Amino acid sequence: MTGRAPARSESPLDLIGNTPLLRVTTPIAFEHPGFWAKLEGVAPGGMKARAAHAMLAGARERGELRPGGTVVESTSGTLGIGLACVGVAWGHPVVVVADDELDDMTRALLTAYGVRVELVRSPHPVGGWQRARLERVRELMATLPDPYWPDQYNNPDNVTGYHGLGRELLDQLDDVEVVVCSVGTGGHSAGIAQVLREHRPEARLVGVDAAGSTVFGDPAVKRLMRGLGSSIHPGNVDYAAFDEVHWVGAAEAVAGCRRLAAGSFATGGWSTGAVALVASWCARELGSDRVAAVFPDGPHRYWRTIYDADFHAAQNLPDPVTEPSETDGIPSEVDSKTSWRRSRKVVDPCAHRTAGSAGCPVCEVRE
């Protein structure tokens, strides 16, 4: 311990970022040399407060978000907490469009923070819950006073908000060789990638997706995991930046979270468990601990899912896979409960749009 007292802060905005880096040696599925976990869940607003601050600051500077204007956004929960953090500080009401799968604790927290929560009751037949939420956002934009929609999936300020995260990683681990990120909106991986290109271009970026997510081309299937993966194709995903991608299933993520909790205390949600598994694999492959993994949040919102034995039994989760299978293509069948695959070939599933071909209905969110 250093004995230093924590910094004094005048605003919750002062608490965004500057998160610690922890060395993790706990075996996730096997022994490994260790990796370094960026503990974003330590910050009160969580990792997504970085994006929320950047998006709302940019909108205020451009006059898109007026003083006292209402912020409305689609989210599975985490960005809503970040928007609440920034909204409270700057006096903006926040409306979050979530869905029936939003956990009770997150809903209660958002409500306590003064957020109005709108729930979508059924998924879209093509774009799932995310597209259904986005359609509700567009409806609300016509009724709310001075509304502003950040559009986290396509807003470049989302990416810019994570430049600080990239710089912090390099300050804390200047010889990093691999950075492992979960991918949902694509914001934090793209922001880190831009910093790596400038300051450490030889470092590799590894993406972690959910099995059954469409981000890297899987056929869409119903997913148990929240917070990583997508049933749409976010425009912020920087496909060219990734050196490889891993798809991880729910059983593997749960095992990762619980082993982290028992072995290193620092743990979190679905994304954290999946990222830890892949980071440990990368460290073993590299033969070094010069691997950084971004842990997006802590465990608190998952006590009735990841950390609940009754939930596991109800979901009939199988034994986790302990090694990834290699693939260069998109599988015809995907099991979202147990699956761990990797590919060094990373393809943008929406690349056809740049060639002027007919639009894909799942890609329409980019327009």
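Residues numbered from 1 in each chain as written. Predicted model: local features only at pLDDT ≥ 70, side-chain atom pairs only at ≥ 80, totals over all residues. Heavy atoms only, no water.

### Re the packing of aromatic side chains
Where two aromatic rings form a pair, the distance of their centres and the angle of their planes describe that pair. Going through the model one piece at a time under the given rule, you end up with four aromatic pairs. These aromatic residues form a ring-pair network of at least three members: Phe216, Tyr239 and Phe242. Sitting over the ring of Trp90, Arg60 keeps its end group 4.4 Å from the ring centre. (Phe/Tyr/Trp six-rings, centres within 6.5 Å; stacked < 30°, edge-to-face > 60°. Lys NZ or Arg CZ within 6 Å of the ring centre and 35° of its normal.)

### Topic: the UniProt feature "domain: Tryptophan synthase beta chain-like PALP" (unreviewed entry) in the chain
Within the UniProt annotation, "domain: Tryptophan synthase beta chain-like PALP" (unreviewed entry) is assigned to residues 14-297. Taken as a whole, residues 14-297 contains 39% helix and 17% strand, while its terminal C-alpha atoms sit 18 Å from one another. (UniProt positions renumbered as here; feature names shortened; annotations may be inferred. Helix = DSSP H or I, 4+ residues; strand = E, 2+ residues; numbered from the N terminus.)

### Things to note about the sheet that holds strand S10 (residues 291-295)
By definition, the strands of a sheet pair up through backbone hydrogen bonds, in either a parallel or an antiparallel sense. The sheet built from eight strands is open, its strands ordered S1-S2-S10-S7-S8-S9-S12-S11 with mixed pairing. What marks the edges here is a single partner per strand, and that holds for strand S1 (21-24) and strand S11 (325-326). Contacting strand S2 (35-39), strand S7 (178-182), strand S8 (204-210), strand S9 (244-248), S10 and strand S12 (340-343), helix H9 (residues 270-286) runs over the sheet at an angle of about 175° to S10. (Pairing = 2+ DSSP bridges. Contact = heavy atoms within 4.5 Å. Axes fitted to C-alpha atoms, helices over the stretch in contact; angles between N-to-C directions.)

### Quick look at the pattern of salt bridges
Tallied over the entire structure, the rule returns 29 salt bridges. Note that Asp146 and Arg66 form a salt bridge whose closest N and O atoms lie 3.2 Å from each other. Taken together, the positions of Asp146 in the loop between helix H4 (128-141) and strand S6 (147-148) and Arg66 in the loop between helix H1 (48-62) and strand S3 (70-74) put the pair 80 residues apart, joining distant regions of the chain. One connected set of salt bridges, linked through shared partners, spans Arg204, Glu244, Glu285, Glu326, Arg342 and Arg344. (Salt bridge = Lys/Arg side-chain N within 4 Å of Asp/Glu carboxyl O.)

### Some remarks on the pairing of S7
For S7, the tally of buried residues reaches five of five residues, placing the bulk of the element in the interior. The pairing of S7 with S8 spans five bridges and is classified as parallel. When the sheet's bridge partners are listed, Cys181 is paired in S8 with Gly207. Traced from S7 through helix H7 (residues 187-199) to S8, the parallel crossover comes out right-handed. As paired strands, S7 and S10 are joined by three bridges and run parallel to one another. Within the sheet, the bridge partner assigned to Val178 lies in S10 and is Val291. (Buried < 20%, exposed > 50% of the residue type's maximum accessible area, 1.4 Å probe, protein only. Right-handed = clockwise from strand over helix to strand, strands pointing away.)

### Brief notes about the sheet that holds strand S5 (residues 116-120)
In spatial order, the strands read S5-S4-S3-S6; together these four strands make up an open sheet with parallel pairing. Only two strands of the sheet have a single partner each, and these edge strands are S5 and S6. Both strand S4 (residues 94-99) and S5 contribute to a ladder of five bridges, which runs parallel. Looking at S5, one finds that Val97 is bridged to Glu118.

### A word on the packing of H1 against helix H2 (residues 78-90)
Packing of H1 against H2 leaves a shortest axis separation of 8 Å and a crossing angle of 50°. With respect to their mutual orientation, H1 and H2 come out oblique. Relative to H2, H1 is oriented so that their crossing is right-handed. Mapping the contact onto sequence places Lys48, Ala49, Ala52, His53, Met55, Leu56, Ala57 and Arg60 in H1 and Thr78, Leu79, Gly82, Leu83, Val86 and Trp90 in H2. Taken together, the residues of the contact of H1 with H2 sort by class into nine nonpolar, three polar and two charged. (Parallel < 35°, antiparallel > 145°, perpendicular 65-115°, else oblique. Left-handed = near helix turned anticlockwise from the far one by under 90°. Nonpolar A, V, L, I, M, F, W, Y, C, P; charged D, E, K, R; others polar.)

### A word on the side chain of Asn236
Relative to the helices and strands, Asn236 resides in the loop between S8 and S9. The exposure class of Asn236 is buried, given its relative accessible area of 9%. Beyond its immediate stretch of four places on either side in the chain, Asn236 contacts Gln152, Tyr153, Asn154, Asn155, Pro156, Asn158, Val159, Thr185, Gly186, Gly187 and Ala190.

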